[in-house]
Amino acid sequence: MYLSARDKQSGDVFYKKTQFSVVHAREDGRTNPIIGIDDHIANKKSGLNVLDDKVNLMQKAGLSYYREEYNWDDYERSDGVYKHDALHKKIYESLADHNIKPLVLAAHTNRVVKNENPPVSPAAADRYGSYVANLSLDISDITNEFEIFNEFNLRDGVTPQDYVNMCKAAYEKTKAVNKDTVIYALSGAAIPSGSTLEKQREWVKQCFENGITDYADGFSIHPYEFSGMPETSPTFETVNYVYELMNEYNCQDKPLITTEFGWPATNVGEDNQAYYTIRYLAMAGKLQDLVCFYNFQCKESTSASENSFGWIRQSTQEGAGEYVPFSAKPIYLAVSNWNALMLGAEQQEKINCSDSNDYLYRYKLQDGRDCIIAWNISGDKKYRAYKLGAEKADIFDIYGNTNTIYAHNGAINVEIGNAPIYIIGKFDDNINETNSIIVPEKNEISSSAYETEVLHIRADSRLDYEFDVPYNISVDEPITTENGMSVNVHFLEGQENEEKIIMYIKNKSGKLVSVNTIKVNCLNSVELELFPAYYRNG
């Protein structure tokens, strides 16, 4: 949002930009049972002072699970004395009020009990098992789902057998007192991070060889992709690798969940963090029983990469920088929209495209309508038209902004790029691509303040054009022909970069047949005072 103020005496105009978000959330408050989130409310006191507001944001985003450590040394502060503390009670009460279930990470060591990290000796593993068993009883009315340790495979000096022994102690002790407990094992193995990928997969394999299937009700992994696109990432290969092991060891009926996953914005940018996440979800369908993303709120640590995983900004102004504390990043809005639209949807097929950079996935929504999720990974915007057998379709962008587009010559016209769009309606079984209604001469125009550029559009017929422009861009009345349109675009003072012109294109019946965007950039003018190399004054 832009604000401007004019000084009545001098005539000077001052501009200010601020950010706010409108979330496309489900009106019924339902959450998506296969999408959850990690955070550090207890462990790092992240947002604890506004706990209910923060958990409410999780519910608005449609998140069903909350994963965090309930550290061993928080639960057993004195040797042999177990106590469910007030802090965790408060957090779990807030989660219950918002229909979010805890997934408890039974984590780390307890030097009061055994001075081992991780606890791998028989005595230490046994005491770890007692911690998990007692905790499962204390919070049995809250949750029955527990994960054994965190990323044990990345610790030095330990073996897959050590981890299996820990799982055995926790599983047997817990089942003896609370048979309804669900124990997830592996907890982070098979992280696809460059040269360590094969090493981590081998670690997983050895866990299965050493009998981990006897001590787990399900398995959890962290198949991170830190930099690449989901379409070229080893993430899916890693997930399928674990499924192959589960089949080999006859435990294919047990759930496989992801308990940490996501892209750091420092590596890919905040926009791509959102785009890649939705593209991953569209490609994955119900590949796994649950995916918990890391991390809900940006951390305030010494690691810029670690801090950038979050979906909402830090709680302090220093941490949030130029942004408002707790404000939404693009990924929060994108996943909220996904859950609002796609709750209960079933993936039908990947649609073959003439351009290998185009990706189209077809889903059947819970209300019976069809949904096509479409994007292009080339880095350039593309103009597409699809014969869907429908008079109209609702087009949602990645954040939930929507327009109803009517068919033109039997086809629905859209533009696709890095950000996925949703095409929703009642469609034929067969979908065919055809020529787009329009093709802009260029997708981006740039100029300096008080300059004019001409925007040219090629079209297949005479159409009507309406424009939504930034606060300091103006356009003339367009000149239209049977072959397209041209219009003068005037750049005024104060133009920001990364703005866009939105074109609403209607047919002669007044029906909206396409919505297209043109990026506009202002090239700042610079005044220079030049002097000769040996300038002398007097």
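The preceding data block contains the structure.
This structure is a prediction, so every number in the text was calculated from the model and none was measured. (Residues numbered from 1 in each chain as written. Predicted model: local features only at pLDDT ≥ 70, side-chain atom pairs only at ≥ 80, totals over all residues. Heavy atoms only, no water.)

Participant: What exactly am I supposed to notice about the sheet that holds strand 11 (residues 346–351) here?
Facilitator: Consider a sheet: its strands pair through backbone hydrogen bonds, and that pairing is either parallel or antiparallel. One open sheet accounts for six strands, arranged 11-12-13-18-15-16; its pairing is antiparallel. If you trace the sheet from one side to the other, it starts and ends with strand 11 and strand 16 (402–406), each paired once. Neighbour to neighbour, the strand axes of the sheet diverge by 25° on average, direction disregarded. Against the sheet, helix 12 (residues 330–342) engages strand 12 (358–364), strand 13 (370–376), strand 15 (392–396) and strand 18 (421–425), with an angle of about 15° to strand 18. (Pairing = 2+ DSSP bridges. Helix = DSSP H or I, 4+ residues; strand = E, 2+ residues; numbered from the N terminus. Axes fitted to C-alpha atoms, helices over the stretch in contact; angles between N-to-C directions. Contact = heavy atoms within 4.5 Å.)

Participant: What should I look at first to understand the sheet that holds strand 17 (residues 412–416) in this one?
Facilitator: Pairing within the open sheet is antiparallel, and its three strands lie in the order 17-14-19. Here the strands that pair on one side only, and so sit at the sheet edges, are strand 17 and strand 19 (432–434). Strand-to-strand twist in this sheet, taken as the mean axis angle between neighbours without regard to direction, amounts to 40°. Note that strand 14 (residues 382–387) and strand 17 share five bridges and pair antiparallel. Opposite Ala 385, over in strand 17, you have Asn 413 as the bridge partner.

Participant: Sorry, what's going on with the state of the cysteines here?
Facilitator: Covalent bonding between the sulfur atoms of two cysteines is what defines a disulfide. This structure, assessed with the given rule, holds zero disulfides. Cys 292 forms no disulfide, and the closest cysteine sulfur to it belongs to Cys 298, at a distance of 18 Å. Unpaired in this structure, Cys 371 has its nearest cysteine sulfur neighbour in Cys 353, at a distance of 14 Å. (Disulfide = S-S within 2.5 Å.)

Participant: Where do I start with the packing of aromatic side chains in this structure?
Facilitator: The relative placement of two aromatic rings is captured by the distance of their centres and the angle of their planes. Scanning the model with the defined rule gives 31 aromatic pairs in all. Connected via pairs of aromatic rings, a cluster forms that spans Tyr 70, Trp 72, Tyr 75, Tyr 82, Tyr 92, Tyr 128, Tyr 131, Phe 149, Phe 152, Tyr 163 and Trp 203. The residue whose ring lies beneath Arg 201 is Tyr 241, and the NZ or CZ to ring-centre distance is 5.7 Å. When the ring centre of Tyr 323 is taken as origin, the NZ or CZ atom of Arg 313, which lies over that ring, is 3.6 Å away. (Phe/Tyr/Trp six-rings, centres within 6.5 Å; stacked < 30°, edge-to-face > 60°. Lys NZ or Arg CZ within 6 Å of the ring centre and 35° of its normal.)

Participant: Help me understand the packing of helix 1 (residues 51–60) against helix 3 (residues 86–97), please; the structure alone is not making it clear to me.
Facilitator: Between helix 1 and helix 3, the least distance of the axes is 9 Å, while the angle of their chain directions is 40°. In terms of orientation, helix 1 and helix 3 fall into the oblique class. For the pair helix 1 and helix 3, the crossing hand works out as right-handed. Within the contact between the two elements, helix 1 uses Leu 51, Asp 52 and Val 55 and helix 3 uses Lys 90, Ile 91, Ser 94 and Leu 95. (Parallel < 35°, antiparallel > 145°, perpendicular 65-115°, else oblique. Left-handed = near helix turned anticlockwise from the far one by under 90°.)

Participant: Mind showing me how you'd approach empty space enclosed by the protein here?
Facilitator: Over the atoms, a rolling probe the size of a water molecule traces out where space has been left empty. Per the counting criterion, the structure on display carries one cavity of 30 Å³ or more. Together, Tyr 66, Glu 68, Glu 69, His 88, Ile 91, Tyr 92, Pro 102, Leu 103 and Val 104 line the largest cavity. Elements with a minimum of two residues in the lining of the largest cavity: strand 4 (63–69), helix 3 and strand 5 (101–106). Grouping the amino acids of the lining of the largest cavity by side-chain chemistry returns six nonpolar, one polar and two charged. (1 Å grid on protein atoms, 1.4 Å probe; cavity = no way out; pocket = protein on both sides within 12 Å on 5 of 7 lines; lining within 4 Å. Points joined across faces, edges and corners; volume = space filled by probe spheres on them. Nonpolar A, V, L, I, M, F, W, Y, C, P; charged D, E, K, R; others polar.)

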